Amino acid sequence: MTSPTTSATAASEEPLPGVFIFGISGRVGRLLASRLRTRGMTVSGLTRSSQQAAALQADGVTTVSGELALATTQEIASMVSGFDVVVFTAGSNAGHPDVTDAIDDAALARVSEALSGTQTRLILLSVLPEAWRERSLSDEEEHYFAVKKRAEVALTREPIDWVILRPSLLTDDPGRGTVALGPAELHDEITRDDVAAVLEALVLEPTISRRILELNEGPTAVTEAVGRVARSYQA
Ligand SMILES: NC(=O)c1ccc[n+]([C@@H]2O[C@H](COP(=O)([O-])OP(=O)(O)OC[C@H]3O[C@@H](n4cnc5c(N)ncnc54)[C@H](OP(=O)(O)O)[C@@H]3O)[C@@H](O)[C@H]2O)c1
C-alpha cells in the first residue's frame, strides 16, 4: 500500500509507504500518526475504544477495532496486509506485569510472526536496557526491562525486516528537532515528539534494516542523524 508522492518528498521517485501502528492511541503513536498524515501518507492502527478511533479518524487515520492482547497471528496478518511498514509503540510502560507479558512480549511476537514471509518492515519502539540502573527499581520495572530485552532478542532472530529503536526516558516537553542516534547512546531524556520524528525518518529510510539504534537527546538534526546511520551501513 503506497500513497502518491507529496511535495515533502518531491525529490524522491519512490511512492510513500503505507504505515500501520500498534499503539496508535498512545502518546508516541498519536504524534507519529499525525506526522505521517501531514506528509500525506496512508496511516492506520489498532484501537480498543470508539473515542480513540473517532479522534484518529478525524485526523485522516483509518482504524481497526480490537484487543491486541487477544488478536491471533492470523488476525494481525489480516490487519497489516498491504502495509509497507508496521510500527510497534504499544506497551505497558513498565506497568502491570500481565500487560508487559501480553503486549510487550507476546503480542510483539505475534506481530513479527504475522510478518514472516512478507516484505513489510517492522519498527519496534523498545527501551534502553540500562535505563534507570542508578535507581532502585520496583519489581514491575525489573520485570519490564527483562521482558523488553527478551522480546528484542526474539525479534532479532526472526527472518523479517526489523529495526529496534531504544529511546531514553520519554518526556512531553516540546520537541527540539535534534537528537543523538547510533548503536550506543547514553541514557538521559528524549521528548516524545523527537522520538516520533525519528520514527518518521526511519519509516522513510528503508535501507536501515535489522539494526538496533539507541536514541537520546543530542545535537544532530533528526534527518541528518538518520541519514548518517543509513550512510554508515553503505560503507
Ligand atoms: N515511558 C518511558 O519513559 C519510556 C522510555 C523508553 C521507552 N518507552 C516505550 O515507549 C512506548 C510508547 O510510549 P508512550 O508514551 O507512547 O506510551 P503510552 O502513551 O502509554 O501508550 C501505550 C500504548 O500501548 C497500548 N496498550 C497499553 N496496554 C495495552 C493493552 N493491555 N492492550 C492493548 N494496547 C495496550 C495503549 O493503548 P490504549 O490507549 O488502548 O491503552 C497505547 O496505545 C512504551 O510502550 C515503552 O515501551 C517508554
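Computed from a prediction, not measured in an experiment: that's the story for all the values here.

Participant: Please clarify how the overall build of the protein should be interpreted in this entry.
Facilitator: In terms of helices and strands, the protein carries seven helices and 13 strands. Since a compact globule built from 235 residues should have a radius of gyration of about 18 Å, the 17 Å found for the protein is in line with a globular shape. Principal axes of the C-alpha set define a box for the protein whose edges measure 50 × 40 × 35 Å. Here the protein, with 235 residues, has 47% of them falling under the buried criterion. Residue pairs at least 24 apart in sequence account for 66% of intrachain contacts in the protein once pairs closer than 6 positions are excluded. For the protein, the accessible area works out to roughly 10,900 Å², and carbon and sulfur atoms hold 49% of it. Distance between charge centres in the protein, computed from 21 positive and 32 negative side chains, equals 2 Å.

Participant: Which parts of the structure should I look at to understand the sheet that holds strand β13 (residues 220-221)?
Facilitator: Strands in a sheet are paired, the pairing made by backbone hydrogen bonds, and the direction either parallel or antiparallel. Strand order in the open sheet made by the nine strands is β5-β4-β3-β6-β7-β8-β12-β10-β13, with mixed pairing throughout. Taken across any chain shown, the strands that pair with only one partner, and hence form the sheet edges, are β5 (62-65) and β13. Alignment of strand β10 (residues 178-182) against strand β12 (residues 211-217), held across four bridges, turns out to be antiparallel. Considered in β12, the bridge of Gly182 is made with Glu214.

Participant: Is there a simple way to think about helix α7 (residues 222-232) in this case?
Facilitator: Because an α-helix packs 3.6 residues into every turn, residues spaced three or four apart end up facing the same way. For α7, the complete set of buried residues consists of Val222, Ala225, Val226, Gly227, Val229 and Ala230. Tucked inside the fold, the buried residues of α7 contact β10, α6 (192-203), β12 and β13.

Participant: What exactly am I supposed to notice about the site of the ligand here?
Facilitator: Neighbouring residues of the ligand: 24 residues in total, closest Ser25, Arg48, Gln52, Asn93 and Arg192. Arg48 has a polar side-chain atom sitting 2.6 Å from an oxygen atom of the ligand. Between an oxygen atom of the ligand and a side-chain N or O atom of Gln52, the distance comes to 2.8 Å. Judged by the proximity of its atoms to the pocket grid, the ligand belongs to the largest pocket.

Participant: Sorry, what's going on with the packing of aromatic side chains here?
Facilitator: Geometrically, a pair of aromatic rings is defined through the distance of the ring centres and the angle of the planes. With the rule as written, the count across this model stands at four aromatic pairs. Taking the centre distance of 6.2 Å and the plane angle of 40° together, the rings of Phe22 and Phe88 count as tilted. Of this pair, Phe22 sits in strand β3 (residues 19-22) while Phe88 sits in strand β6 (residues 85-88), placing them 66 residues apart in sequence. Owing to a relative accessible area of 0%, Phe88 belongs among the buried residues under this scheme. On the basis of an interplanar angle of 70° and a centroid distance of 5.3 Å, the ring pair of Tyr144 and Phe145 is categorised as edge-to-face. In terms of burial, Tyr144 and Phe145 fall into one category: buried. Each residue in the set Phe20, Phe22, Phe83 and Phe88 is aromatic and connected to the rest through ring pairs, giving one cluster.

Participant: Explain the environment of Leu108 to me, please; I cannot follow it from the model alone.
Facilitator: Note that Leu108 resides in helix α4 (residues 97-115). Each C-alpha atom of the pair Leu108 and Leu68 lies 9.3 Å from the other, and the pair is 40 residues apart in sequence. Residues in contact with Leu108, not counting those within four places in the same chain, are Phe88, Ile103, Leu122, Leu124 and Ala151.

Participant: Help me understand unusual backbone geometry, please; the structure alone is not making it clear to me.
Facilitator: Excluding glycine, most residues fall at negative phi; most peptide bonds, likewise, are trans. Phi at Ala94 takes a positive value of approximately 70°, unusual for a residue other than glycine. Mapped onto the fold, Ala94 is located in the loop between β6 and α4.

Participant: Explain the pattern of salt bridges here, please?
Facilitator: When the charged atoms of two side chains lie near each other, side chains of opposite charge can form a pair. All chains considered together, the criterion is met by 12 salt bridges. Notably, a salt bridge pairs Arg30 with Asp59, separated by 3.2 Å at the nearest N-O pair. Of this pair, Arg30 sits in helix α1 (residues 27-38) while Asp59 sits in the loop between α2 (50-58) and β5, and the two are 29 residues apart along the sequence. With relative accessibility at 31%, the residue Arg30 sits in the partly exposed group. Residue Asp59 is classed as partly exposed on the basis of its relative accessible area, which comes to 40%. Here Glu214 makes a salt bridge to Arg166, at a shortest N to O gap of 2.8 Å. Remark: Arg166 occurs in strand β8 (residues 161-167) and Glu214 occurs in strand β12; sequence separation between them is 48 residues. There is no split in this pair, since Glu214 and Arg166 are both buried. The structure contains a network of salt bridges with shared partners spanning Arg35, Arg39, Asp193 and Glu200.

Thresholds applied
Residues numbered from 1 in each chain as written. Predicted model: local features only at pLDDT ≥ 70, side-chain atom pairs only at ≥ 80, totals over all residues. Heavy atoms only, no water. Helix = DSSP H or I, 4+ residues; strand = E, 2+ residues; numbered from the N terminus. Rg over C-alpha atoms; globule rule 2.2 N^0.38 Å. Buried < 20%, exposed > 50% of the residue type's maximum accessible area, 1.4 Å probe, protein only. Contact = heavy atoms within 4.5 Å. Areas by Shrake-Rupley, 256 points an atom, 1.4 Å probe, with all protein chains shown as cover. Lys, Arg positive; Asp, Glu negative; His and termini not counted. Charge placed at Lys NZ, Arg CZ, Asp CG, Glu CD. Pairing = 2+ DSSP bridges. Near = heavy atom within 4 Å. Polar contact = N/O pair within 3.5 Å; in protein donor to acceptor, adjacent residues only side chain to side chain. 1 Å grid on protein atoms, 1.4 Å probe; cavity = no way out; pocket = protein on both sides within 12 Å on 5 of 7 lines; lining within 4 Å. Sits in = over half its atoms within 2 Å of the grid points. Phe/Tyr/Trp six-rings, centres within 6.5 Å; stacked < 30°, edge-to-face > 60°. Salt bridge = Lys/Arg side-chain N within 4 Å of Asp/Glu carboxyl O.

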